[in-house]
Amino acid sequence: KKNVLIIGAGGVAQVVAHKCAQHNDVLGDIHIASRTAVKCQQIIDSIHEKNALKNPGVLEGHGLDATDIDATAALIEKTGSQIVINVGSPFVNMSVMSACIKTGVAYLDTAIHEEQDKICETPPWYANYEWKRREECEKAGVTAILGIGFDPGVVNAYAKLAVEDYFDKISSIDIIDINAGSHGKYFATNFDPEINFREFTGTVYSWQDSKWQSNKMFEIKKIWDMPVVGESQTFMTGHDEVHSLSQNLDVPNVRFWMGFGDHYVNVFTVLNSIGLLSEQPVTTAEGQEVIPLKLVKACLPDPSSLAPDYTGKTCIGDLVKGTKDGKETEVLIYNVADHKDAYNEVGSQGISYTAGVPPVAAAMLIATGEWDVKKMANVEDLPAKPFLNLLNGMGLPTRIKDANGDRALDFS
Ligand code: NDP
């Protein structure tokens, strides 16, 4: 199974395309399709500039409205693509999935489906759209891997690894995401501001004592001492992987913690309090209708423009607690990535890098058959080691910190 169609031409797609080019011996032809065709061409130019294609091969861009299922299916067929890596906006997920089911090809995404006009879904989020289509995928023999970025994605594989190798019984998984990098701007989001803010304007759902707990954003704060980046302030946040891990693994506590500095919290709080993060239209005195969130997005820096000057590191991992051989134990399974290294390799900042490399590793495992499961799966449903093994060699090495010290994990 090969030939890849990448949907979207944003920050994450740039990384996906570069990594596919570096591995086109396994993945075959590479096509990039997005609403704005010129953005696909810019990515293609950057791949040629870096001479990133491993073998001479097809690398083409296409203009596409991915909400048009027939047009997307036609492009899949025209390009002979067997694997679709959807890194467009999460509003297109269900239509791209429909096109994959229609054509019988593999589907990958990195975020849960969202509807433009719905700010917060009820838990578990995957049950609202994706899991409703499990039978459809299985009937069509379609491999659909959900949420295969870093978080969700790699952190789900870390949780699976903990289950497989380190515990008899797990009591808690705390997923901790720290970006200790600096972009030098007064205020910016690391990916699409619209998506980024939507993550923090709804209810914060966590899985505690085997039931859903709701809180407000920035209500629960915790400082973690993480490798390399040190003591970091985080807040409990709602996140895709809490929703799948809570249902798929037998673990009573699953929480997600996102690092935020005081400056981010202050600016966010001001914007949110005065209604500037609302997706509901307002009418100006001049009679013009404006969606505040869209206006704020238009004023903020384009996330991909942050890449050249971004410095510092990210540290993302799972702190897992439980018992092994009757003894209480805890492990931190994590990765550290560097913004500058990401820029030098693929022209993107570290957040896009950590999100864009994993779906390419997954596509390779589909191409080789190891993850070609012919049904819908979250990452924790799949064997973790082949995936983490590939990532070790693709720029996202796994480390572990436990009673035996802090070390790289080798799965080969
Ligand atoms: P961007 O906003 O930079 O890129 C989104 C792309 O999708 C743009 O090229 C946009 O085109 C395109 N697009 C939007 N609507 C359509 C449409 N109807 N048809 C075709 N193309 C469309 O986002 P990112 O690259 O930062 O993020 C991509 C995805 O990755 C998101 O779903 C995000 O949530 C997810 N993500 C996941 C992470 C993880 O670790 N799991 C981390 C970070 C992001 P145009 O430019 O024309 O608008």
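The present account deals with the structure reproduced in this document.

**Observations concerning the pairing of strand E1 (residues 4-7)**
- With burial as the criterion, each face of E1 is covered, one bearing Val4 and Ile6 and the other bearing Leu5 and Ile7.
- The pairing of E1 with strand E4 (residues 83-86) spans 4 bridges and is parallel. Within E4, the residue paired with Ile6 across the bridge is Ile85.

**Some thoughts on helix H7 (residues 154-166)**
- Relative to the 18 Å expected for 13 residues at 1.5 Å per residue, H7 spans 17 Å between its end C-alpha atoms, a close match to the ideal helical length.
- Extensive coverage of H7 is indicated by the burial of 10 of its 13 residues.
- Looking at H7, one finds that the buried residues are Val154, Val155, Asn156, Ala157, Tyr158, Ala159, Lys160, Leu161, Ala162 and Tyr166.

**A word on the sheet that holds E1**
- Taken together, 7 strands build an open sheet; the order of strands is E3-E2-E1-E4-E5-E6-E17 and the sheet is parallel. Here the strands that pair on one side only, and so sit at the sheet edges, are strand E3 (59-63) and strand E17 (376-378). Neighbour-to-neighbour, the strand axes of the sheet open up by a mean angle of 20°, direction not taken into account.
- Pairing of E4 with strand E5 (residues 106-109) involves 4 bridges; the strand directions are parallel. The residue of E5 that forms the bridge with Val84 is Tyr107.
- Taken strand by strand, helix H1 (residues 11-22) contacts E1, strand E2 (30-34) and E4, and its axis lies near 165° from that of E1.

**Brief notes about the pattern of salt bridges**
- Within this structure, the stated rule accounts for 18 salt bridges.
- The shortest N-O distance in the salt bridge between Lys385 and Asp165 comes to 3.0 Å. Of this pair, Lys385 sits in helix H14 (residues 384-392) while Asp165 is found in helix H7, placing the two residues 220 residues apart along the sequence.
- According to the relative accessible area criterion, Lys385 is partly exposed, its value standing at 32%.

**As for the environment of Val154**
- With respect to the helices and strands, Val154 occurs in helix H7.
- Given the relative accessible area of 0%, Val154 is considered buried.
- Separated by 180 residues in the primary sequence, Val154 and Tyr334 have C-alpha atoms spaced 9.3 Å apart.
- If we skip the residues at most four places from it in the chain, Val154 touches Gly149, Pro358, Phe387, Leu388 and Leu391.

**Some points on unusual backbone geometry**
- Here Pro123 and Pro124 are connected by a cis peptide whose omega angle stands at -10°.
- Checked against the element boundaries, Pro124 lands in the loop between E5 and helix H6 (134-140).
- With an omega of 5°, the peptide bond between Asp151 and Pro152 qualifies as cis.
- At Asp209, a position not held by glycine, the phi torsion is positive, near 50°.
- Inspection of the secondary structure puts Asp209 in the loop between strand E8 (204-208) and strand E9 (211-215).

**Points about the nonpolar core**
- Grouped together as the largest cluster of nonpolar side chains are 104 residues, with contacts concentrated most on Ile6, Phe197, Trp371, Phe387 and Leu388.
- Excluding anything up to four places from it in sequence, Phe197 contacts Phe187, Thr189, Tyr264, Phe268, Leu271, Leu277, Leu293, Val296 and Leu300.
- Ranked by size, the runner-up nonpolar core spans 29 residues in total, among them Ala66, Val96, Ala99 and Cys137.

**Focus: the packing of aromatic side chains**
- In total, this model carries 17 aromatic pairs according to the counting rule given.
- Between the aromatic rings of Phe187 and Phe197, the centroid separation amounts to 6.3 Å while the plane-to-plane angle is 5°, which identifies the pairing as stacked. Taken together, the positions of Phe187 in the loop between strand E7 (169-179) and helix H8 (193-201) and Phe197 in helix H8 put the pair 10 residues apart, joining distant regions of the chain. This pair shows no difference in class: Phe187 is buried, exactly as Phe197 is.
- Consider the rings of Trp207 and Trp212, whose centres lie 5.0 Å apart with planes at 65°: the pair is edge-to-face.
- The buried category is assigned to Trp207, whose relative accessible area is 12%.
- Three or more aromatic residues joined by ring pairs make a cluster, and in this case those are Phe187, Phe197, Phe200, Phe218, Phe235, Phe260, Tyr264 and Phe268.

Thresholds applied
- Residue positions within a chain follow its written sequence, with the count starting from 1.
- The predicted origin of the model limits local features to residues at a pLDDT of at least 70 and limits the giving and counting of side-chain atom pairs to 80 or more, whereas totals for whole chains, interfaces and linings rest on all residues.
- Only hydrogens and water are set aside; all other atoms, that is, all heavy atoms of the structure, feed into the side-chain values.
- Burial classification: accessible surface area is computed with a 1.4 Å probe over protein chains only, and a residue below 20% of its type maximum counts as buried, one above 50% as exposed, and the rest as partly exposed.
- Secondary structure is summarised from DSSP: a helix means a run of H or I of at least four residues, a strand means a run of E of at least two, and numbering begins at the N terminus for each.
- Strand pairing requires that DSSP identify at least two bridges connecting the strands.
- How far a helix is expected to stretch is found by multiplying one less than its residue total by 1.5 Å.
- Note on method: axes are straight lines fitted to C-alpha atoms, helices fitted across the in-contact stretch only, with angles between N-to-C directions ranging 0 to 180 degrees.
- A contact between two residues is defined here by any heavy atoms of the two lying within 4.5 Å.
- Here, a salt bridge means any Lys or Arg side-chain nitrogen found within 4 Å of an Asp or Glu carboxyl oxygen.
- Put simply, a nonpolar core is a bunch of buried Ala, Val, Leu, Ile, Met, Phe, Trp, Tyr and Cys residues held in one set by side-chain atoms that sit within 4.5 Å of each other.
- The pairing test for Phe, Tyr and Trp rings, Trp by its six-membered ring, is centres within 6.5 Å, and the orientation test on the planes gives stacked under 30 degrees, edge-to-face over 60, and tilted for anything in between.

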